[in-house]
Amino acid sequence: METDKHNLTVLNEFILMGITDHPELQAPLFGLFLIIYLISVVDNLGMSILTKINPSLQIPVYFFLRHLAISDLGYSTAVGPKMLANFVADENTISYNFCATQLAFFIVFLTRELFILSAMSYDCYVAICNPLLYAVIMSQRTCWVLVAIPYLYNIFVSLLVIIKIFNLSFCGYNVISHFYCDALPLLSLLCSNTHEIELMILILSDFYLISSLLMVLVSYLLLLVAILTMKSTEGRHKAFSTCGSHLMVVVVFYGTLIFMYMQPKSSHSFDTHKMASIFYTLVIPKLNPLIYSLRNKDVKGALRRTLGQLCNVFSQSSLYHVIMCFNFFLCAYGRDSKHKSMEKFNMYFYINFFQSVYYKYYYK
């Protein structure tokens, strides 16, 4: 009877073990991960805005790059803020509902990134192997289909996993051996038979990983064959430079996932899982925008032009406010009845002079 009562305990919250249980490491790790997360947010948000507003980046490869940045921002934000809060909180707790929400968003954005990387590899293949038909094959409609259908499918799968896990009964023990709500640590807290849900997660994970990786490998295999048949050395170099950034991102991201999920169960530990999770939830979202921006002349050029336009806007705005303050002061001074009419004339002359300079140089 005592065991049954223990099994029927209703959980309202979970306790997250966090990254480390050494108090002396809490402050340095908080500072380190805060900097990494803030850089990641600025980089991915900046990349999303830049590829949206800049006219020179309105082609399919930057359309996918924008959605890659949104995915990076999505799953790092699903995990990052709560992880940082736990460094400074007295109790590392997470509510039952928030745990389910965090896991749902994490699954959606992480699996979405897999298919976006696959779509980007296909886009790279078409751009090099079929340049004349590129605009026809990679139309705006095709790009939206390659992004929207996996996104909707990921939402369905995420809800299915969440419903399956959180409809089962948890034991009284509510400590999650992780720094966020992940599926594997949650399964270890279930009192019910987890064979069905484990099998479902294994099949879905393998399907996501293998299908997307297969598409990437086939695209790059065909691409490699096409590059090796090119007679021009310059053409080969251009082809490698075009897809070099994407290939680097693919190797880092898939390498981390394969290392984490394809280990034998006997050698798998939560500490290893935790270290790999830190890498792909915080480090990779920070690296992706840097890799694409540092190796891409179009992105660097667009960023330079956009920053230049912003500097001009701010400098114009600053000069405008200086002139308006001067205008206000002179107008107030000119309304003083003690001053002579000639002084008033000189004041209004100065106002018109500065305003004419402003409009001449900033509104040509």
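Preceding this section is the structure that the text describes.
Fair warning: this is a prediction, and the values are worked out from it, not measured in the lab.

S.K.: Please provide a residue-by-residue account of helix α2 (residues 26-53), values included.
M.R.: For α2, spanning 28 residues, the distance from its first C-alpha to its last is 40 Å, which sits close to the expected 40 Å at 1.5 Å a residue. Every buried residue of α2 is accounted for by Leu 29, Phe 33, Ile 36, Tyr 37, Ser 40, Asp 43, Asn 44, Met 47, Ser 48, Leu 50 and Thr 51.

S.K.: Let's hear about the state of the cysteines: which residues, and what values?
M.R.: Overall, the coordinates contain one disulfide when judged by the stated rule. The disulfide partner of Cys 99 is Cys 181, and the gap between their sulfur atoms is 2.0 Å. Measuring handedness by torsion sign, the sulfur bridge of Cys 99 and Cys 181 sits at about -125 degrees and is left-handed. Note that Cys 99 is positioned in helix α4 (residues 96-129) and Cys 181 in the loop between β3 (175-176) and α7 (183-187), a separation of 82 residues in sequence. Cys 129 takes part in no disulfide bond, and the closest cysteine sulfur, belonging to Cys 124, lies 8.6 Å away.

S.K.: Describe the packing of α4 against helix α8 (residues 195-228), naming the residues involved and giving the relevant values.
M.R.: Where α4 meets α8, the axes come as close as 9 Å, and the angle between the chain directions of the two elements is 15 degrees. Taken together, the axes of α4 and α8 are roughly parallel relative to one another. As α4 runs across α8, the sense of the crossing is left-handed. Of the residues in α8, those touching α4 at Thr 111, Leu 114, Phe 115, Leu 117, Ser 118, Ser 121, Tyr 122, Cys 124, Tyr 125, Ile 128 and Cys 129 are Tyr 208, Leu 209, Ser 211, Ser 212, Met 215, Val 216, Ser 219, Tyr 220, Leu 222, Leu 223 and Ala 226.

S.K.: Could you give an account of the environment of Lys 274, naming the residues involved and the relevant values?
M.R.: Relative to the elements of secondary structure, Lys 274 occurs in helix α10 (residues 270-294). For the pair formed by Lys 274 and Tyr 180, sequence separation is 94 residues and the distance between their alpha carbons is 9.5 Å. For Lys 274, the contacting residues outside a window of four places in its chain are Gly 18, Ile 19, Ser 177, His 178 and Phe 179.

S.K.: Account for a positive patch on the surface, naming residues and giving values.
M.R.: Taken together, Lys 297, Lys 300, Arg 304 and Arg 305 make up a surface patch of like positive charges. Looking at where Arg 304 falls in the secondary structure, it is placed in helix α11 (residues 297-334). Residue classification places Arg 304 among the exposed residues on the basis of a relative accessible area of 59%.

S.K.: Explain the sheet that holds β3 to me, and be specific about the residues and the numbers.
M.R.: With respect to topology, three strands assemble into an open sheet ordered β2-β1-β3, the strand pairing being mixed. Each of the sheet's edge strands pairs with one partner strand only, and the pair in question is β2 (93-95) and β3. In terms of strand pairing, strand β1 (residues 13-16) meets β2 through three bridges, oriented antiparallel. Directly across from Glu 13, in β2, lies its bridge partner Ser 95. Where α4 meets the sheet, its contacts fall on β1, β2 and β3, and the angle it forms with β2 comes to roughly 85 degrees.

S.K.: Describe the packing of aromatic side chains, naming the residues involved and giving the relevant values.
M.R.: Using the criterion set out here, one finds 20 aromatic pairs in the structure. Both rings, one in Phe 115 and one in Tyr 208, keep their centres 5.6 Å apart while their planes meet at 70 degrees; by these two values the pair is edge-to-face. Of this pair, Phe 115 sits in helix α4 while Tyr 208 sits in helix α8, and the two are 93 residues apart along the sequence. Across the pair, exposure class does not vary: Phe 115 and Tyr 208 are buried alike. Taking the centre distance of 5.1 Å and the plane angle of 65 degrees together, the rings of Phe 179 and Tyr 180 count as edge-to-face. No difference in accessibility class separates Phe 179 from Tyr 180, as the two residues are buried. Among the aromatic residues, those joined into a ring-pair cluster are Tyr 75, Phe 106, Phe 179, Tyr 180 and Tyr 280.

Cut-off values and rules
- Residues numbered from 1 in each chain as written.
- Predicted model: local features only at pLDDT ≥ 70, side-chain atom pairs only at ≥ 80, totals over all residues.
- Heavy atoms only, no water.
- Helix = DSSP H or I, 4+ residues; strand = E, 2+ residues; numbered from the N terminus.
- Expected span 1.5 Å × (residues − 1).
- Buried < 20%, exposed > 50% of the residue type's maximum accessible area, 1.4 Å probe, protein only.
- Disulfide = S-S within 2.5 Å.
- Axes fitted to C-alpha atoms, helices over the stretch in contact; angles between N-to-C directions.
- Parallel < 35°, antiparallel > 145°, perpendicular 65-115°, else oblique.
- Left-handed = near helix turned anticlockwise from the far one by under 90°.
- Contact = heavy atoms within 4.5 Å.
- Patch = residues over 30% accessible without salt bridge, like charges linked within 9 Å, V, L, I, M, F, W, Y side chains within 5 Å.
- Areas by Shrake-Rupley, 256 points an atom, 1.4 Å probe, with all protein chains shown as cover.
- Salt bridge = Lys/Arg side-chain N within 4 Å of Asp/Glu carboxyl O.
- Lys, Arg positive; Asp, Glu negative; His and termini not counted.
- Charge placed at Lys NZ, Arg CZ, Asp CG, Glu CD.
- Pairing = 2+ DSSP bridges.
- Phe/Tyr/Trp six-rings, centres within 6.5 Å; stacked < 30°, edge-to-face > 60°.

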